[in-house]
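Coordinate analysis (summary)
In case you want the letters, here they are:
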Amino acid sequence: MFFGRKKIQKRQQGRIDELEKENSLLKERLAQANSDDKNRRDLAIAIEKAEESERTKNILLANISREIRTSMNAIIGFSELLNIGNLDFDKRKYYVKTIRNQGTLLLKFIDDITELIKLESGKVKIAKVRCNLNMLLKEILLYAGQQKKVLNKEALDIKLELPDKSGLVVFTDPGRLQQVIANLISNSLKYTEKGYIEFGHMPPVDGKIEFFVRDTGVGLAKEKQKNIFSRFPDEELDSIKFEGAGLGLTLSKYLVKLLGGKIWVESELGRGSVFRFTIPYEQALPDHHEYAAAGEEVYPEFKWKDKVILVVEDDVVNFRFVEAILHDSEAQILHAVNGNQAVELCRSISKIDLVLMDIKMPEMDGLEATRQIRQFNKKIPIIAQTAFFMEIDPQKCLAMGCNDCVTKPIDIKEFLEKINGFLKE
């Protein structure tokens, strides 16, 4: 009896061991199945991401191809038309203007792509300095006037709305702030055929300043507004026959975020749009600005009658602005429209006392021009100026041979004092 019970217990224990072994195998198979399921899910996600990346790349290439081909079609086509014999003056002038305008649009598009890549890679940094908002916005107004000529929309009225005469002096990155507003104005110009575009800023509230760009353009339906700042326009937007791929709005979203604010749009189809964005209000004491009792700015008077200043600037409006600043100084002004001309003038004219060097220019940029000038002239003072859409590292400017640099919008008082500091040495 005892042995029989022991035998039964042994069989039961054996069965228990078998069950535990089977249970262990089942757990292993279940774990393997779960692992396989996870691998399949991970693979499916990876495939989906790869397909989305491929789709995005194809859309990007299609947009790039379309923009380049559209501009090049006009450039090449009108260039061919210029070869027609007995072409009257007005037609020739129109063809040349069209070629120049399309070239400008093409360069702007390429700049936008380059800037977007820099932003997405995290290579763009914010550099906050004192900024007079009224001065900045007035310079943007000049840019907007240029842009509407490029787009053949001279009939549009562009208005600037300012809350006060003197202008707030704040800490921000003026180049990036200028870029955002200019991009929003460019977008409004593309989609507004008649009426007006108005831009400006509101008084500070709760530690923020709100900027706006208002237009009487085509407007945007509610369901389309959430994607307006995405990298590519949706199909319905894309079907509207206007130039541009919408990259300016995407850039604006990135830049506003870097500046510490947010951006949004208020729009109604057929009734125009208002783009708004905020940035933190960091007040700066205007200790380097002097204001007369009537609110007009007072600038120091310098006389440089025997001095020759070379202004290297491809943009006509910006050159006229610098020329106006220097007008009362009685200095002789020379003008170069690109780096090549600047190098040749400095090589051939010994009597150049100072160079005001724009950085971003066609054919040869300002840094390369400075480098070449330094090969044969180590002494001439060179002051670099930031280009309209370009981030500039002051240390890089100094390393390439510049003596100093100024950022746009130009602080006229500081600008004149810097020039005087070099000319009196």
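Up top is the structure.
Described below are features of the structure shown in this document. (Residues numbered from 1 in each chain as written. Predicted model: local features only at pLDDT ≥ 70, side-chain atom pairs only at ≥ 80, totals over all residues. Heavy atoms only, no water.)

Before going further, it helps to spend a moment on the overall build of the chain. Scanning the chain from N- to C-terminus turns up 12 helices and 12 strands. Across the 425 residues of the chain, 41% fall into the buried class. Nonlocal contacts in the chain, meaning residues at least 24 apart in sequence, comprise 73% of its contacts between residues at least 6 apart. Looking at the chain as shown, the accessible area adds up to about 24200 Å², and 54% of this sits on carbon and sulfur atoms. (Helix = DSSP H or I, 4+ residues; strand = E, 2+ residues; numbered from the N terminus. Buried < 20%, exposed > 50% of the residue type's maximum accessible area, 1.4 Å probe, protein only. Contact = heavy atoms within 4.5 Å. Areas by Shrake-Rupley, 256 points an atom, 1.4 Å probe, with all protein chains shown as cover.)

Relative to strand S5 (residues 208-215), strand S4 (residues 196-201) runs antiparallel, the two being bridged by five bridges. What sits directly across from Gly200, in S5, is Phe212. Hairpin connection from S4 to S5: six residues lie between these consecutive antiparallel strands, with Asp206 at a positive phi of about 55 degrees. Of the strand pairs in this sheet, S5 and strand S7 (residues 273-280) are connected by eight bridges, and their pairing is antiparallel. (Pairing = 2+ DSSP bridges.)

The next point concerns the nonpolar core. Membership of the largest hydrophobic core comes to 43 residues, with the highest contact counts inside it found for Ile181 and Phe277. The set of elements that each furnish at least two residues to this core consists of helix H2 (89-120), helix H3 (133-150), helix H4 (174-190), S4, S5, helix H7 (247-258), strand S6 (263-267) and S7. Ignoring anything within four residues of it in the chain, the contact list for Phe277 reads Leu177, Val180, Ile181, Leu184, Ile209, Glu210, Phe211, Val256, Lys262, Ile263 and Trp264. Of all hydrophobic cores here, the second largest spans 23 residues; its members include Val312, Ala336, Ile352 and Val355. (Core = buried A, V, L, I, M, F, W, Y, C linked by side-chain atoms within 4.5 Å.)

On to helix H8 (residues 316-326). Along H8, the residues that are buried comprise Asn318, Phe319, Val322, Ile325 and Leu326. Down the axis of H8, the buried side of the element spans an arc of 120 degrees, and every buried residue falls inside it. Exposed and oriented more than 90 degrees from the buried face of H8 are Val316 and Ala324. Along its buried surface, H8 packs onto H3, strand S8 (308-312), strand S9 (332-336), strand S10 (354-358), strand S11 (382-385) and helix H12 (412-423). Its side-chain oxygen 2.8 Å from the backbone nitrogen of Asn318, Asp315 forms the N-cap of H8. (Arc of directions from axis to C-beta. Polar contact = N/O pair within 3.5 Å; in protein donor to acceptor, adjacent residues only side chain to side chain.)

Turning our attention to the packing of aromatic side chains. Counted according to the given criterion, the structure contains six aromatic pairs. The interplanar angle of 80 degrees and the centroid separation of 6.0 Å between the aromatic rings of Phe78 and Tyr94 together place this pair among those described as edge-to-face. Of this pair, Phe78 sits in helix H1 (residues 2-81) while Tyr94 sits in helix H2; the two residues are 16 residues apart in sequence, bridging distant segments of the chain. For Tyr94, a relative accessible area of 46% corresponds to the partly exposed category. Note on Phe302 and Trp304: the rings are 5.5 Å apart at their centroids and 10 degrees apart in plane angle, and the pair reads as stacked. One exposure class covers both Phe302 and Trp304, and it is buried. An aromatic cluster is defined as three or more aromatic residues linked by ring pairs; in this entry it consists of Phe78, Tyr94 and Tyr95. (Phe/Tyr/Trp six-rings, centres within 6.5 Å; stacked < 30°, edge-to-face > 60°.)

Looking now at the pattern of salt bridges. A full pass over the atoms with the stated rule returns 14 salt bridges. When the shortest N-O distance is used, the salt bridge between Arg347 and Glu344 registers 3.8 Å. With Arg347 and Glu344 both in helix H9 (residues 339-348) and three residues apart, this pair spans about one turn of that helix. With relative accessibility at 46%, the residue Glu344 sits in the partly exposed group. The salt bridge involving Lys413 is made with Glu417; its shortest N-O contact spans 3.0 Å. Here Lys413 pairs with Glu417, and both are found in helix H12, just four residues apart, close to one helical turn. The class for Lys413 is buried, based on a relative accessible area of 14%. Taking the relative accessible area as the measure of exposure, Glu417 reaches 38% and is therefore partly exposed. (Salt bridge = Lys/Arg side-chain N within 4 Å of Asp/Glu carboxyl O.)

By the burial criterion, the buried members of H9 are Gly339, Ala342, Val343 and Cys346. For H9, the angular spread of buried residues about the axis comes to 95 degrees, placing them on one side. Looking at the buried positions of H9, the neighbouring elements they touch are S8, S9, S10 and helix H10 (366-376).

Let's shift gears to the packing of H3 against H4. It is at 10 Å that the axes of H3 and H4 come closest, and there the two elements cross at 35 degrees. Here the hand of the crossing between H3 and H4 comes out right-handed. Contact with H3, carried on its side by Leu133, Leu136, Leu137, Glu139, Ile140, Tyr143, Ala144, Gln147 and Lys148, involves Pro174, Leu177, Gln178, Ile181, Ala182, Ile185, Ser186 and Leu189 of H4 and no other residues of that element. Of the residues belonging to the contact of H3 with H4, the class tally is 12 nonpolar, three polar and two charged. (Axes fitted to C-alpha atoms, helices over the stretch in contact; angles between N-to-C directions. Left-handed = near helix turned anticlockwise from the far one by under 90°. Nonpolar A, V, L, I, M, F, W, Y, C, P; charged D, E, K, R; others polar.)

What follows covers the sheet that holds S7. Strand order across the open sheet formed by five strands is S2-S4-S5-S7-S6, with mixed pairing between neighbours. At either margin of the open sheet sits one strand with a lone partner, and together these are strand S2 (157-161) and S6. Neighbouring strand axes in the sheet, compared pairwise and without regard to direction, differ in orientation by 15 degrees on average.

Turning to the packing of H9 against H10, a few remarks are in order. Close contact between H9 and H10 brings their axes to 9 Å; oriented N to C, the two are set at 15 degrees. Relative to H10, the element H9 is oriented roughly parallel. Handedness of the crossing formed by H9 with H10: right-handed. Contacts between H9 and H10 pair Gly339, Ala342, Val343, Cys346 and Arg347 from the former with Ala369, Gln372, Ile373 and Phe376 from the latter. (Parallel < 35°, antiparallel > 145°, perpendicular 65-115°, else oblique.)

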